[in-house]
Every structure is written in structure tokens, then in C-alpha cells.
Amino acid sequence: MTNTDDRMRALEERIALLEDRLAIAGLMASYGPAVDSGSAEAAAELWTADGSYDAGIVHFRSAEEIERMVRTEPHTGFIASGAAHLSTPPRIEIDGDTAVSYCYQQVMLRDVESDAFRAWRVSANRWEWQRTSEGWKVKRRVNRLLDGGEEARALFGEAFREK
Amino acid sequence: MTNTDDRMRALEERIALLEDRLAIAGLMASYGPAVDSGSAEAAAELWTADGSYDAGIVHFRSAEEIERMVRTEPHTGFIASGAAHLSTPPRIEIDGDTAVSYCYQQVMLRDVESDAFRAWRVSANRWEWQRTSEGWKVKRRVNRLLDGGEEARALFGEAFREK
Amino acid sequence: MTNTDDRMRALEERIALLEDRLAIAGLMASYGPAVDSGSAEAAAELWTADGSYDAGIVHFRSAEEIERMVRTEPHTGFIASGAAHLSTPPRIEIDGDTAVSYCYQQVMLRDVESDAFRAWRVSANRWEWQRTSEGWKVKRRVNRLLDGGEEARALFGEAFREK
């Protein structure tokens, strides 16, 4: 039976890793819909209570601050005129109970006068994850505008230095 | 053997769920390439025969109507001047033989005069799926422009109310 | 034991296929972050040594040429002023040790004067993969601008003709 047992355990581990990847990808894909629909609690619940989101122009230092961000200006103004926080397929690296993932975020804003959408911010994003009793949660997210500066390049460059 | 059997059955179920998720994600990722290449049948085959696609400005009520849409104006004009139906990574919720998924869609159109692309429509999308003998098919897809109106926010907000 | 053995082997095969899909998706999601951070080696390593990237306006015929592309103009100028190679969720077809995948690529460039991002190129992309001793590698990537011409439509159309 040992052989069967070992093979089965190996399969269980491989499946768990695939499940982790899809869980994290699904949570990343939920951020945009949560904030653009004004679902403040759902957005905040992506983070651990003490998780942070450093968006360069502003730094949220807890899930509560993220919830408040969704409920207040300028965010409420963005979604009142039309906003979309688009993301791209992620690169995900899992290491036991922590993980790091990368994606782009493109924030499209609608101009009320012209009824046209423009790409307001295009940023490099790094997400640090923690496995908790309630599933994967964001411990720290950092994004930096891809404006030619060193910070966004360093953020994405980490993905390849770490290997 | 019962223990081995039970463990194996549990693994089979977990694998089947992962396969479902990737199948649905792959079908969602096929819509754009199908319509932008004028592959009308392939686009229509994503839906059940009686499936619907409510795009706000127009409502297609069967796979046949979707096939016709790809073959006629204004769609043929869009792809003749240059069009891209870009989507974002999905949030997917599977419940047995049905599923619901969410993503953004950004339709980029090329202006022939200036040779520049602009984001014509940026929308919130909800897809309802049915498992059939030919795999997962779209039963109903709804999209709403993220123009600041209540409808797009309500559509994405459902993702978080349902939990 | 044969029955258990057969079931286990079937599970192993299904898991391996899921792992292949996520591996390829992860590599596709790494191209943008690699080139936009100037990680020339990481970008080149996505390809086999003799792999090619036919981008329409230019054709790279080896991993070495791709590495050089990342290190030279015009690419270095793009990332110095702000560039983002955004991609969309892929359609992936695996056949043993080879695979084909499809996605869009949207290259956003920042205009230094106006500090605004514009979609410079929106293209249809086809990637041909080879399983190697170092994992999946790109054997050939082709992209074509979605400018209304026949080439991009033919490229995406292949996905549906092959079925």
C-alpha cells in the first residue's frame, strides 16, 4: 500500500498547488469588479486585516483603509462617471503558505463631456499573499506607474531576480 | 480499499473542478479571437442554441443571432477597419452543472484616418454557463457599459452579494 | 490493484495537463513584465535558443536576438518614457509535447509631453510551444496588428479552423 499511498499523496500535493494558483488568480480578478461596483467590503476582504496597498500616490495601511477608500472621494467620483480597473493574466509564485504574484493594472476613466474612455494609469503590480484560515489574503500590494521611472521597472524586475 | 477509493474519488472531484475552471476560462478567452477573425460559427458555438447575449445596445436571443451578428454590419465594418475585443482574467463560480463568471471587456477600434486605436466600449460582463454533452456553453451573457450608470455596478456587485 | 493503478495513472495524466496549461499561461504572463522591466535574459529564456518572434514590423530569429531587442533602441526608449505590454487571458491547445496558444497584446506607450498613455499597437498573437528539459519554451511567436488587414484575422482564425 505504501506505493499507492505515496503516489496519492503526491497527487494531492500537486492538486493543492493548482488550486492555490487558481484561487489567487480568482482573487486578483475580483479586485476590479469589487472596487468598480463600489463593493467596499468585498474589496477589503481580499486583504488581511493588517494588509497594505501602496499605490504610489497613496498608501492604504489596513483592510479598513481600503474599505474607506472605496466609499470615499476620489474613488466614488471615478465610478460615478465611469471607471474600470482592468488587470492582465498573472505570474504567480507559490511557496508554501505565502505567494507572490505580478500583473498590470490599467485604470480606464470615462470623460463625461466626450463620453470617451482614456487610460488614466497603467501600472506594474506586485501582490504578496498569505494563506489564512479564510483562504489566501493579500498581505501587501504595491503598484507603480509605468512612467519610465525606475520604481516600476524594479518592481517587475524582482520577478526575475528571485528565480 | 475503501480509504484508497474515497481518497481517489475526492481527487477526481477536485481535478474535475479545476478542469471546469480552465475550460470556462478558455472559452471566455476564445470569444474575442472568434469575433475579431470573423469566425462566426466558432463564436456562435460558445452559446447553447437558445443562449442569449444582452449587450445593452443590442440583445441577441440565440446562437444563430450571434452568428449573424458576426457576419453583418456594424461588426464586419469594425473588423475591416481594425477591432479587438479584449477581456480580462475572469472570476468564476462553479455550482455543479452551472457556473457564473465575470470579466471586463474592452473593445478597441482603430480609426482609419489617424491609424490610432481608441477604447470604444469598456464594459462589465456576466456570463451564465450550462454544462452540456458538448462541454460548457453560455446560456446567457450580459454586458453593461461602465459609464457611471447603476446597471454595470449592479452587474459586478452581484458577484459579491451572492457569496 | 490494476484498477487503482489505472485510475491513478488517469489522474496523473489529467493533473499533468492542467499543470501544462498553467505553466504556459504563466510564461505568457511573464513576457510583458520581463520586457517592460528590461529583464532581457528573462525575456530571451522564454524562447528556445533557435526560437523566433515574428512581430510583423520586425522578425527576431533566435533567443539571442530577442535579448538584444530588449537591450537596444527602440525598446529602451519605450521603457524610458513608459511602456506596458499588456496581454489578455489565453486560449491554449496542448498536444503532447507541443502546444499552441493565442492572446491579444496591447502595447501602451506614455507620451512624455502630455503624460498620457495611448494604445500604440493592438495585435493578434499566436505562440507555438515545445516541451524541453527546462520546461515549456516558445518555438515560434507571431503577432499581427489588428488593423483590418487579412493577416491578423487569419492568425486568430487558425484557432477555429484547427478544431
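That block above? That's the structure.
Along the backbone of chain A there are five helices and seven strands. Across chain A, helices and strands are ordered from the amino to the carboxyl terminus as α-α-β-β-α-α-β-β-β-β-β-α. Counting only C-alpha atoms, chain A reaches 70 × 35 × 30 Å along its principal axes. Considering chain A as a whole, with its 163 residues, one finds that 56% of them fall into the buried category.

A separate point is the interface of chain A and chain B. Contacts between chain A and chain B engage 38 residues on the former and 27 residues on the latter. Between chain A and chain B the total buried area reaches about 2700 Å² when both faces are included, carbon and sulfur atoms providing 67% of it. For the pair chain A and chain B, the number of links is three salt bridges. Here Arg14 of chain B and Glu19 of chain A are joined by a salt bridge, their closest N and O atoms 2.8 Å apart. Taken together, the connections running from chain A to chain B amount to eight residue pairs in polar contact (both at pLDDT 80 or more). Where the side of chain A that touches chain B is concerned, the elements lending two or more residues are helix H1 (2–36), helix H4 (75–81), strand E3 (83–87) and strand E5 (98–111) of chain A. Here the element with the most residues in the side of chain A that touches chain B is H1 of chain A; it accounts for 18 residues. The class makeup of the residues in the side of chain A that touches chain B is 19 nonpolar, 12 polar and seven charged.

Each partner contributes residues to the interface: chain C has 27 residues there, and chain B has 38 residues. Contact between chain C and chain B buries roughly 2700 Å² in total, counting both sides, with carbon and sulfur atoms accounting for 67%. Of all residues in chain C, Arg7, Tyr104 and Phe160 of chain C bury the most surface against chain B, accounting for 22% of the area lost on that side. Taken together, the links from chain C to chain B amount to three salt bridges. Here Asp5 of chain B ties to Arg7 of chain C by a salt bridge, and the two come within 3.2 Å at their closest N and O atoms. At the junction of chain C and chain B, the tally comes to eight residue pairs in polar contact (both at pLDDT 80 or more). Of all the secondary structure elements, the ones that give two or more residues to the side of chain C that touches chain B are helix H1 (2–36), strand E5 (98–111), strand E6 (116–132) and helix H5 (150–161) of chain C. The dominant element in the side of chain C that touches chain B, judged by the number of residues it contributes, is H1 of chain C, at nine residues. Of the residues contributing to the side of chain C that touches chain B, the split by class is 15 nonpolar, five polar and seven charged.

This next bit is on a nonpolar patch on the surface. A cluster of nonpolar side chains, Ile57, Val58 and Trp120 of chain B, forms an exposed patch at the surface whose accessible area comes to about 280 Å². Within the fold, Val58 of chain B resides in the loop between strand E1 (47–54) and strand E2 (59–60).

Residue and element names in this part refer to chain A. Here four bridges tie strand E1 (residues 47–54) to strand E7 (residues 135–145), and the two strands are oriented parallel to one another. Its bridge partner being in E7, Tyr53 is matched across the sheet by Arg141. Both strand E6 (residues 116–132) and E7 contribute to a ladder of 10 bridges, which runs antiparallel. Note that in E7 the partner of Arg131 across the bridge is Trp136. Taking the residues between adjacent antiparallel strands as the criterion, E6 and E7 are bridged by two residues.

Turning our eyes to something else, we now look at the relation of the copies chain A and chain B. Mapping chain A onto chain B calls for a rotation angle of 120° and an axial translation of 0.0 Å; the resulting RMSD is 0.0 Å. Both copies are brought into coincidence by an operation consistent with a three-fold rotation axis.

Let us look at the side chain of Ser39 of chain A. Its location among the elements puts Ser39 of chain A in the loop between H1 and helix H2 (40–44). Residue contacts for Ser39 of chain A: discarding those within four places in its chain leaves Ala34 and Val70 of chain A together with Gly157 and Phe160 of chain B.

We now examine the side chain of Arg110 of chain B. Residues and elements named next belong to chain B. Its place among the elements puts Arg110 in strand E5 (residues 98–111). Within the local environment of Arg110, its side chain forms a polar contact with the backbone oxygen of Ser81, the two atoms lying 2.8 Å apart. Only 2.7 Å separates the side chain of Arg110 from the side chain of Asp115, close enough to count as a polar contact.

What counts and how
- Residue indices follow the written sequence of each chain, beginning from 1 at its first position.
- Key to labels: chains lettered from A, ligands numbered from 1, both in the order written.
- With the structure being a predicted model, the display of local features is reserved for residues of pLDDT at least 70 and the display and counting of side-chain atom pairs for 80 or more, all residues being used for whole-chain, interface and lining totals.
- Side-chain measures were taken over the full set of non-hydrogen atoms in the model, leaving aside hydrogen atoms and water.
- Counting from the N terminus, the helices are the DSSP runs of H or I reaching at least four residues and the strands are the DSSP runs of E reaching at least two.
- For every residue, the accessible area (1.4 Å probe, protein chains only) is compared with the maximum for its type, and the residue is labelled buried under 20%, exposed over 50%, or partly exposed between those bounds.
- We call two residues contacting when some pair of their heavy atoms lies within 4.5 Å.
- Put simply, buried area is the surface a 1.4 Å probe can reach on two separate parts but cannot reach once they are joined, added for both.
- Here, a salt bridge means any Lys or Arg side-chain nitrogen found within 4 Å of an Asp or Glu carboxyl oxygen.
- Under this definition, polar contacts are N or O atom pairs within 3.5 Å; protein pairs additionally need one hydrogen-donor-capable and one acceptor-capable atom, and for neighbouring residues in sequence, both atoms have to be side-chain atoms.
- Each residue is assigned to one class: nonpolar for Ala, Val, Leu, Ile, Met, Phe, Trp, Tyr, Cys and Pro, charged for Asp, Glu, Lys and Arg, and polar for all the others, Gly among them.
- Only residues whose relative accessible area exceeds 30% and that form no salt bridge enter a patch; like-charged residues are grouped when within 9 Å of one another, and nonpolar side chains (Val, Leu, Ile, Met, Phe, Trp, Tyr) when within 5 Å.
- The accessible surface values rely on the Shrake-Rupley method and a 1.4 Å probe; as for residues, cover is taken only from the protein chains in view.
- Paired strands, as defined in this entry, are two strands with at least two bridges between them according to DSSP.
- Superposing the copies works by least squares over the C-alpha atoms of residues that have pLDDT at least 70 in both of them.

Keep in mind these numbers describe shape, not what the thing actually does.
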